[in-house]
Amino acid sequence: MVTTFLFGLIALIMVLAALVAVTNRNLVRATMGLVLVLFGNAVLFVLLEAYFLAMAQIIIYIGAIAILIVFAIMLTRHVGEDWGPAFHRAWPWALVIAGGLGGALLFWMVRWPGGENTPAGQVDPNYVQALGQALVNPQGYVVPFEVASVLLLAALIGAIYVAWGGRRVKGPYPQRAEGGER
Amino acid sequence: MGAFLRDPSVLVEWLRALLMGWGLSAGLTELVLYLLGGFALATGPMLWVIFLIWFERKAVARFQDRLGPNRVGKFGLLQPFADVLKLMTKEDIIPEGADKPLYWAAPILSVAGVLLLWPAIPLGLGIGGNLNVGVLYLIAAGTLGIFAILLAGWSSNNKYALLAAFRTVAQLVSYEVPMVLVLLLPVLLARSLNLQDIVQAQDVWFVVYVPLAALIFLIVSIAEVGRTPFDLLEAESEIIAGFHIEYSGMKFAMFFAGEFLHAFTIGILTAVFFLGGWRGPGADIYPVLGILYLWLKGFLVYFVVVWIRATHPRIRIDHMLNFSWKFLTPLALALVTVGAVLDKVVVDWGVWPRALAHLASNVVVALVTLQLVRAWARRLPRPKVGEPRPVARPQPQTQPQPASGD
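It should be emphasised that the depicted structure is a prediction, and the values quoted were computed from it without experimental measurement.

S.K.: Can you explain the overall build of chain B? Please cite residues and give values.
M.R.: Of the regular secondary structure elements, chain B holds 14 helices and two strands. Taking the principal axes of its C-alpha atoms as reference, chain B extends roughly 110 × 65 × 40 Å. Per-residue burial for chain B yields a buried fraction of 38% across its 406 residues.

Right, here's the structure in full:
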């Protein structure tokens, strides 16, 4: 009963925060709404006893992605101002498409037989160890793991190259142009 | 009483029986007990901060050869109360154009980010946090603190606060990387992310296994809190309080108390990861003794943090970022790699041989690092700032004396 009550509370907060995220004209406040939605997501993971996923959600989404979004927003010029109407001109069409898709999804998901009859799976108390072993097991997920690492490495190299900006004097200590103290 | 000393969950059972005796249902009793526990965990550390503020001021004063507060109460013990009263009675100024919800939320989130670290900490055998993703939880709670600072800087409607907030976030995010890497070593040695398991695996303290990792963790934690020598973020002579420049009164008191509590919390965390946590003579029979040992060890590390604060000058921002990315991160990576490979070999050797093998590997890594740093320093182009001045030499009496070099 407590979990149902908590779920209802978290869901309500998430829906309200999502509304703030999509309708607020102040971009920073909209980002805070997004952060609240992501945090609610993590709490839902905790309610489902997927603690590792919850922590990963907070670390990756809130700790890295949301901060990146906030930086990007804060570095644009027109953040705090009222920059035009909040809704797109064609919003009735968007409402029809979103409502139609959402309604169809809900309709079919409520009819899915697997939802009620499957008992909740037993969570292995050592699931973190099991996750770690699955990630490096040759019969497990080691190949996707390594491919993801290569992808991240490529992104890192690209970011460094873009930020580096071309030619620099080589040497162990960054040199400056003439004049000025180090 | 004896039963409580042996097993503190007796208190929880007594409370549960009391509440159910008053007619509450089982689920509601659980909820009330959880709320009580949360309240205790949130209030206790904040009360301890009062003592910490006094201790820090006295200790820093003694390091600087002065007395510290000694007027308010015997030995100045009531000084923190005077501080809090002053901050409570200050006028509550909100800058024009500040984003009010975010402005109010930032100090709350900042203190919340610190208090959220406490549920993961194991206070004794069977007491305290027993999260099976404890280490990840600590990192996640740290990111909430980072967010609070960004909000504070943004919502103050102050360009300089915003710049300081950007710099703060850059520092905190940079120092998170070596922290996560270095925390992998206790996790590796204990084979678990659970802090209670890490404490229970320390028959020999992990500081003997990996002293270099303990040192790096201490440095990185000091940087994460934002204390001297990494306190450019709130340096009065340089950027006048940084991201909390527009905060006064109780809101500033929240930032202030949060920083002190964070410093003590990292002392406790260093004790948990490297100094054996609550372990000590008699702690497995009387878990309350475990709390005492943990507190003492945490306080010792806190004293070292205050010591460092009183001794060192501030680090410049570009030096600080270079230090994290170019020195600490590769060093932490090297430590983790060496530790992981070595542990695979020595895991069956027994407690002390394994400890000494890891200690030897740490010493080797430290020596290699020192040599590399020396070689790099030798190759640094040193600007010529001047010629050696001529020393005064006795001249014959007929010539005027040259000015003596001074």
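Next comes the rest of the account.
S.K.: Before we move on, could you go through the domain arrangement of chain A and cite the residues and values that matter?
M.R.: Per the domain assignment, the segments making up chain A are domain 1 (1-79) and domain 2 (128-165). Distance between the C-alpha centres of domain 1 of chain A and domain 2 of chain A: 25 Å.

S.K.: Break down the nonpolar core for me, with residues and values.
M.R.: Grouped together as the largest cluster of nonpolar side chains are 117 residues, with contacts concentrated most on B:Phe147, B:Leu150, B:Val182, B:Ile216 and B:Phe217. Setting aside its immediate chain neighbours within four residues, B:Phe147 contacts A:Val35, A:Ile62, A:Ile67 and B:Leu109.

S.K.: Tell me about the packing of helix 3 (residues 51-74) of chain A against helix 6 (residues 134-155) of chain B, and name the residues and values.
M.R.: Orientation of helix 3 of chain A relative to helix 6 of chain B, taken along the N-to-C sense of each, is 20 degrees, at an axis distance of 9 Å. Comparing the axis directions of helix 3 of chain A and helix 6 of chain B gives the class roughly parallel. Between helix 3 of chain A and helix 6 of chain B the crossing geometry is left-handed. Here helix 3 of chain A contributes A:Phe52, A:Met55, A:Ile58, A:Ile59, A:Ile62, A:Gly63, A:Ile67, A:Val70 and A:Met74 to the contact with helix 6 of chain B, which in turn contributes B:Leu136, B:Tyr137, B:Ile139, B:Ala140, B:Thr143, B:Ile146, B:Phe147, B:Leu150 and B:Trp154. Grouping the constituent residues of the contact of helix 3 of chain A with helix 6 of chain B by class yields 16 nonpolar, two polar and no charged.

S.K.: Pulling in residues and values, what's your account of the packing of helix 13 (residues 317-346) of chain B against helix 14 (residues 351-378) of chain B?
M.R.: All names here are of chain B. Packing of helix 13 against helix 14 leaves a shortest axis separation of 10 Å and a crossing angle of 150 degrees. Between helix 13 and helix 14, the crossing angle belongs to the class labelled roughly antiparallel. Here helix 13 and helix 14 pass one another in a crossing that is right-handed. Residues Leu331, Ala334, Leu335, Val338, Gly339, Leu342 and Val346 of helix 13 touch helix 14, and the partners they reach there are Pro353, Arg354, Ala357, His358, Ser361, Val365 and Thr369. Considered class by class, the residues forming the contact of helix 13 with helix 14 number nine nonpolar, four polar and one charged.

Calculation notes
Residues numbered from 1 in each chain as written. Chains lettered and ligands numbered in written order. Predicted model: local features only at pLDDT ≥ 70, side-chain atom pairs only at ≥ 80, totals over all residues. Helix = DSSP H or I, 4+ residues; strand = E, 2+ residues; numbered from the N terminus. Buried ≥ 20, exposed ≤ 12 C-beta atoms within 10 Å, placed from the backbone. Domains from an automatic or database assignment. Core = buried A, V, L, I, M, F, W, Y, C linked by C-beta atoms within 7 Å. Contact = placed C-beta atoms within 7 Å. Axes fitted to C-alpha atoms, helices over the stretch in contact; angles between N-to-C directions. Parallel < 35°, antiparallel > 145°, perpendicular 65-115°, else oblique. Left-handed = near helix turned anticlockwise from the far one by under 90°. Nonpolar A, V, L, I, M, F, W, Y, C, P; charged D, E, K, R; others polar.

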